[in-house]
Every structure is written in C-alpha cells, then in structure tokens.
Amino acid sequence: MSVATTHPGEHHEHHPSGILRWLTTTNHKDIGTMYLTFALIMFFVGGIMILAVRAELFQPGLQLMQPEFFNQLIGVHALVMIFAALMPAATGFANWMLPLMIGAPDMALPRLNNWGFWLLPPAAILLTLPFTLALFGIGDGAIATGWTFYAPLSVQGGIGVDFAIFAVHILGVSSIMGSINIIVTIFNLRAPGMTMMKLPLFAWGWLITAFLLIATIPVLAGAVTMLLTDRHFGTHFFNAAGGGDPILFQHLFWFFGHPEVYILLLPVWGLMPHVLSTFSRKPTYGYTAQVYSFIAIGVLSVIVWAHHFFTVGMPVPALIYFMFSTMSISLPLAVLFFCWIATMWRGAMSFETPMLFALGFIVLFGMAGLTGLVLADVAADAQYHHSYFVVAHFHYALFAGGIMGVMTGVYYWLPKWTGHMYSETLGKWHFWLTVVSFNLTFMPQFFLGLAGMPRRIPDYALQFAEFNAISTVGAFILGFSQLLFAYNIWRCVKGGEKAKDQVWESAEGLEWQLPSPPPYHSWETQPEIK
Amino acid sequence: MDHAHPAPVGHGRLVGRLVLVVAAAFAFGFALVPLYNVLCEATGFNGKTGDKKVIRDGIGVGGLAAASRAPSRIDATRTVTVEFTGTVMPGLPWDMRPLTVSLDLHPGELQQVKYLVRNTSERTIVGQAVPSVTPGQAAQHFEKLDCFCFAQQTFAPGESRELPLTFIVKPELAKDIRNITLSYAFFSVDKPSPTPTTPRESR
C-alpha cells in the first residue's frame, strides 16, 4: 500500500512535556513504557505482601498477624500479581513491540490505548485501598476470600469484597480494550506482504491471548456482578438459602480462570522462539506447528475449567471428561516444548541473560507442566487439592513460566527500548539468584503439599516447620534479588554502553532494522515483506 | 498517506464485531445460570433433588396415593441405607436434630422420618430448610412426597416441633448405590421473604 510514499522530513515529536505527556499520550511506545513501569511497581507491591505472608509462615503459630489479615494478604497478592503485574507487563510488551515487529506505524486505536492504560492505576488503588481504610477504622480490610472470590464466603465478606469487585470490573474493561486494540492492529496494520503465516510468533501468541480475553473476561465480569447483586440487591445466584448455588460460582469463575492461565502464558510462549532462535543462531523450528499449538491450546483452555474443583462432588462422567480434556492440553504444549528444544538443537548457543532466563523458563515451566498432569488426575487430585502442592505447581507455572518469561523479554528488548546495553554481570547475578531462590522457595512446597499441609492457613502442624522455614528464607532471597532487576533496568534507562540497532548478532525481525532506541514514530512508511 | 496516527477508517467494522463478541460473552455468563440449573436437575449433579415428577408418576401429593401403588414396585431384593443430617447456618438460633439418624429401606418403600427443631431464642423466627442429597446420582431418584422444606417454617420463642418428611427412594436407583445421605441446611428468613423461594428451588 504505502511503500513508495515518503514524507518530506517532518518530525512528529511535538508532544506536551512533563506529566501531561504521559496523561495524554497516544504513542504506543509511551504507553508500552507506562504499562511496563506500572507492572514493575505492582510486582513489588504484590511481592511485599507475600513476603509478609512468608514471614508469618516462617514458624508455626501466629507471630506477626491475625488470620484475617493473612487471608487478605494472600488474596490481594494474587490479584495484584495476576491483574496488575503479569497482565500489564504482557500488554506493555504488545504495545512496545507489536507495531515494531509487524511494521505498523502505531497501534490501531491509539486513544483507546491511552484509556486502557489509565484505567489501571485507579483499579490498583481500589484493590489496595481497604488496607488503608482499615487503618482508619473504616471496614475490616481488603478482600479475604483468596483471589477466587468463592461464594458463599464472598457473599458474607466485608467491604473489601466490593472494592475488589469494582477493581476487577475496571481491570477487565482495561484488558478488553487492550485486546480489541491488539486484534485490530494485527489484522489491519500488518506490513504489506506479511501474511498471517509470516506473522512473528510473539504476535500470534498475543492474538490468541487477546481472543481468550474478550471471550472470558466478560464471563468473570458477569460472575462478580452477580456476586455484587447477591451482596446488596437481594438476588440469590449463589445464596443457597434463596435457592442459589455456591458451586455455580466456581463454574463461572473457572470458566474465566483457566483460560486466564493461558492468557498469562501465551505472550511468553510467543516470545520464547524469538529469544531461542537469536541465541542459538538458528531459525525457529516448527513455526507452523507452534502456531497451531497456540490455537489448539486456546481452544482447549475454555473447555477444561472444572479440573480446578474436582473434589466439589461431580458425577463420574464429568470427572472423566474434565480429566482427559485437561490432560490433552499437554499434547500441543509438548509440541511447543519440542519445538523450543529443536530450535536450540546443535545451534551455536551463547548464554546472555535473556537466553539464561529462557532456558530457566523451559526447565522450570516443564516442571509446572508435569506436576499439572499429576493434579489433572482425578484420583490423585483428591489428595493434592487445596494443598501446598497446588501452590508450588502454579508458582512454577506463573512465576517460572510467566514472570521469568517476562524477564526474558525485558532483557531481550531493553537495549532496543533504551538504546543502551544493560549490565550483563548484574543480569547474570539476577538470573542465578532468582532461579536458585525460586527453587528454594517452591520446591519444599511440593513436599509440604504431599505431606498434607493445606494452603491459605496462617498456622501449621509442627512437622511442617523445617520446609516452611526453608521456603521463607528462599522467598526473601527471591524478593530481594528482584531489586537487582529494578536497578539494572534503571541503570540501563539512564545510560550505559550504546546498543547497536541489531543488538543481538543474529536476531531477526523488523524490530531490529530500526535504530535503538527507535524514533518516537517508527514505520511511518510501512516496510514491504517479501 | 499513513501518518503517525493511522486513519481509523476500516477499523470500525472489526471493532464493532469484537465488541459484539464481548457482549455475547457477557450474556453467555448470565445464560450459564439457567443452563447450570437445568443441567443439575436433569442429572442430579450437585445433589439437587429432581423436578416435580411426583404428579406425573400418578402418585398423589403428600403420599396419600402411595399406598395404592403396586407392591411389585418395591424392590425387596436390595436394601439401601439412608442417613439424615443437617446444618443450622449462622444467624439462625435453632437447635436441630434428625430423630432418625439412619434407616435401612427397600427402594420403592414409602417412609416417613422426622426432624426435631427448637427455637432457642426469645423471638419468633422464620426459617427455611434447603435439602441436598449425596451422592448426586441418587438425587433424582430421591422423591420427597411431603417435606417441611417445601415451605418456610415459623417458630415461636422457645417452641419445639417435630417436622416430618415423607419420601420414596425410587427403584430406578442405580444398583451400586447402597448409601444415600440427605442433608438439610437451615437458613434464617429474616423478613417474610421478599423473594419467596419457588417450588423448584425448595425441592
């Protein structure tokens, strides 16, 4: 389309300065930066909460806090990490990188993009405000039901539940806006010649994520709306006294909740092949297979939800259906794993920080997948359900899979974003501290779960003391090592060795053809793909 | 032609479709509520006892016509143990216990048991019992002909009363089910109910 037209050198950097620039910006790079900064801040907020929890669990008995406060911390930790850290980080990646990677001048709907971001800070404040209000004697603190809002507890809970419901509404609207924007951008703004099967895998991963988001977030919004009307307007969706059914809530919640796992992971799976190919100096293995795996996982993810509550009492045929459908997800996932390994196979590998994180991701996320198969087994799940085994499993999936995946992307693209190289030494320190302390934190939790320690309880029996102490020590090392990450990013933003346009010697894709950092407006003339 | 902000022309239709998807998904969330109830009643999933099949089977309400049943419908070849239990939910100052804790019966037999309920408070209280049958597969074959759970119960201060339940375990019950547990959750109905429970819900 517009390949031949060039603009007589006009510069577009006539944006307002100061805070107004950030409030009013419609530039995908500015918005991407804001998403990523917000995610990093909330990552630390959620992290501080869980360190308080781990401190309480350092010893048996109640030392630091009352059970009510403990319950609030675990629930808000999860909501913050999922909705305010991981999801915004992925959206930040999409904003920054999608236009660069597909040769688009910007996101398709820039004003919507601005809105999408600026809904996040109020939502985060709503979510955490009840903690502060409680200090002034208003209400009894934040939501204490865990992040799952299970009825009837959430029907009975205090004002924290209402705050969380509204926060989830706003966060949901924000991510639906972001998803619509991403789908429209990918469908309508690809560079001429870039067919869907030439789309970078990162864009494919995000495309599936975006479709999952617009299909499932509204169901969550519906579920929490029903909760709200149950609480205040006399409906009985989940209230057994009025003929409702609390288990209905679990179905509605996990109809959203299970795809949510893949919403968090698909952008990372999309990013991995780029990193692995770059640092193995080989083309991505099995592009088509990976695309179809993404689609298969996206479809399967919406029909397996009930494996989150096998123990609730379901007819045997339903148990068997949900068991086998859940296990079948491991097939496309295994295809992805084999493609990642095959991409590295006999490659000239080098181990810069992004590659280290990618390798750590593959190993640890593999453990999440294997322990997930154990949980998917109906017979075994009866023992593991609601135990620390589950906690360990989903942290291998969402920390090692999600957050380490995001860190892979940050280290990989940071030189492109800032124009400076980060400190490789600090990056390696960060990786090794993270990966060792992560295992120190969560490996013992597998054993705790197998031994029967239930999750979400502030106290435990004496025989669990050693493993809990180890886990707490690991958690604090893990938490404090992330300061290295923040410092490394800060240093890189401020200055440092100049990054080349190409950054990594064998990185491929349109984004590496732009200068580092890319100009405020890039691809004003779309490149042509042959 | 392509400027920093690409002209929104051409995006409108796609955005419109995607917004439709969002609206459909939101509606689907609410549609799941009746879908779920229908599924539960059809399968007994989740211990919801079945729909009003009583009258269609030709058995009178209240068990009056039950005596005229052909005795051959009683399956004397096997015995099922039915256990009775219950929970008083928070906010309801009642004492409750089943007078029959466990009962061995042949499927098809008409049986009556009673729950003893006492209001321990100084005020008149209206309560409602909501039944649940375990295992779920047994729920659709557990027929309550008359049950105190069909209506709200009013208790004067300190009043104590026996509440009857008449039921049949239908012979169609799967052969491998030998134990059935019937549990009641007693809820307080604060005001004369603004949203009266429908017959379906109370069953």
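The rules behind these values
Residues numbered from 1 in each chain as written. Chains lettered and ligands numbered in written order. Predicted model: local features only at pLDDT ≥ 70, side-chain atom pairs only at ≥ 80, totals over all residues. Helix = DSSP H or I, 4+ residues; strand = E, 2+ residues; numbered from the N terminus. Contact = placed C-beta atoms within 7 Å. Rg over C-alpha atoms; globule rule 2.2 N^0.38 Å. Buried ≥ 20, exposed ≤ 12 C-beta atoms within 10 Å, placed from the backbone. pLDDT = per-residue confidence, 0-100. Pairing = 2+ DSSP bridges. Axes fitted to C-alpha atoms, helices over the stretch in contact; angles between N-to-C directions. Expected span 1.5 Å × (residues − 1). Parallel < 35°, antiparallel > 145°, perpendicular 65-115°, else oblique. Left-handed = near helix turned anticlockwise from the far one by under 90°. Nonpolar A, V, L, I, M, F, W, Y, C, P; charged D, E, K, R; others polar. Core = buried A, V, L, I, M, F, W, Y, C linked by C-beta atoms within 7 Å.

Draft legend 1. View of the overall build of chain B. Of the regular secondary structure elements, chain B holds 3 helices and 9 strands. Listed by position from the N terminus, the elements making up chain B come as α-β-β-β-β-β-α-β-β-β-β-α. If you take every contact in chain B between residues at least 6 apart in sequence, the share linking residues at least 24 apart comes to 75%.

Draft legend 2. Main features of the overall build of chain A. If you tally the helices and strands in chain A, you get 17 helices and 0 strands. Taken over the C-alpha trace, chain A has a radius of gyration of 23 Å; the compact-globule value for 530 residues is 24 Å, and the two agree within 12%. Expressed along its principal axes, the backbone C-alpha trace of chain A runs to roughly 70 × 50 × 45 Å. Across the 530 residues in chain A, those meeting the buried criterion constitute 56%.

Draft legend 3. View of the confidence of the model for chain B. Residue and element names in this part refer to chain B. Of the residues in chain B, 74% reach a pLDDT of 70 or more, and the chain-wide mean stands at 77. Taken element by element, chain B is modelled with least confidence in helix 3 (residues 199–202), mean pLDDT 40, and with most confidence in strand 1 (residues 80–88), mean pLDDT 91. Taken as a whole, residues 50–72 scores under 50 in pLDDT and shows 25 contacts with residues more than four places along the chain or in a different chain. Note that residues 192–203 has pLDDT below 50 and, in this model, 19 contacts with residues that lie over four places away or in other chains.

Draft legend 4. Here's a closer look at the sheet that holds strand 2 (residues 94–98) of chain B. All names here are of chain B. If you walk across this open sheet you meet the 4 strands as 2-4-8-6, and the pairing is antiparallel. Because the sheet does not close on itself, it has two edges, and the strands there are strand 2 and strand 6 (142–147). The mean angle between the axes of side-by-side strands here comes to 30°, regardless of whether they run parallel or antiparallel. By the bridge criterion, 5 bridges tie strand 6 to strand 8 (residues 160–169) in an arrangement that is antiparallel. By the bridge assignment for strand 8, Glu 143 is matched with Ile 168.

Draft legend 5. Molecular detail of the environment of Lys175(B). Secondary-structure assignment places Lys175(B) in the loop between strand 8 and strand 9 (179–188). Separated by 96 residues in sequence, Lys175(B) and Thr79(B) place their C-alpha atoms 9.9 Å apart.

Draft legend 6. Layout of helix 8 (residues 201–232) of chain A. All names here are of chain A. Look at helix 8: 46 Å from first C-alpha to last across 32 residues, which is about the 46 Å you get at 1.5 Å a residue. Most of helix 8 is tucked away: 28 of the 32 residues are buried. Positioned one or two residues after helix 8, Gly 234 has a phi angle of 75°, which is positive.

Draft legend 7. Highlighting unusual backbone geometry. All names here are of chain A. With an omega of 5°, the peptide bond running from Ala 151 to Pro 152 counts as cis. Structurally, the position occupied by Pro 152 is in the loop between helix 5 (120–135) and helix 6 (153–156). Geometrically, the link from Ser 516 to Pro 517 is a cis peptide bond, its omega value of -10° lying close to zero. In this structure, Pro 517 sits in the segment after helix 17 (465–494). Of note in this structure, Arg 281 is not a glycine but carries a positive phi near 55°. Positive phi values are uncommon outside glycine, yet Val 503 reaches one of about 60°. Within the element layout of this structure, Val 503 appears in the segment after helix 17.

Draft legend 8. Molecular detail of the packing of helix 8 of chain A against helix 10 (residues 287–301) of chain A. All names here are of chain A. Their axes nearest at 10 Å, the elements helix 8 and helix 10 cross at an angle of 15°. With respect to each other, helix 8 and helix 10 are oriented roughly parallel. Here helix 8 runs over helix 10; the crossing is right-handed. Contacts from Leu 201, Trp 204, Gly 205, Ile 208, Phe 211 and Leu 212 of helix 8 reach helix 10 at Tyr 287, Gln 290, Val 291, Phe 294, Ile 295, Gly 298 and Ser 301. Grouping the amino acids of the contact of helix 8 with helix 10 by side-chain chemistry returns 9 nonpolar, 4 polar and no charged.

Draft legend 9. Spotlight on the nonpolar core. With 183 residues, the main nonpolar core has Leu86(A), Ile102(A), Ala203(A) and Ile214(A) as its most contacted residues. Here this core takes 23 residues from helix 3 (residues 67–102) of chain A, the largest share from any one element. Sequence-distant contacts of Ile214(A), that is, excluding residues within four places in its chain, are made with Ile176(A), Ser179(A), Ile180(A), Leu18(B), Val21(B), Val22(B) and Ala25(B). Ala240(A), Leu92(B), Ala138(B) and Ile168(B) belong to the second largest nonpolar core, which has 29 residues in total.

Draft legend 10. Expanded view of the sheet that holds strand 1 of chain B. Residues and elements named next belong to chain B. A sheet is described by the order of its strands in space; here 5 strands give the open sequence 3-1-9-5-7, paired in mixed fashion. The open sheet is flanked by strand 3 (102–105) and strand 7 (153–155), the only strands paired with a single partner. Adjacent strand axes in the sheet meet at a mean angle of 30° when their direction is disregarded.

Draft legend 11. Broad picture of the pairing of strand 1 of chain B. Residue and element names in this part refer to chain B. Strand direction decides the pairing type here: strand 1 and strand 3, joined by 4 bridges, are antiparallel. In the sheet register, Glu 83 faces strand 3, and the bridge partner there is Ser 102. The sheet contact formed by strand 1 and strand 9 spans 8 bridges and is parallel. By the bridge assignment, Thr 85 is partnered in strand 9 with Ser 183.

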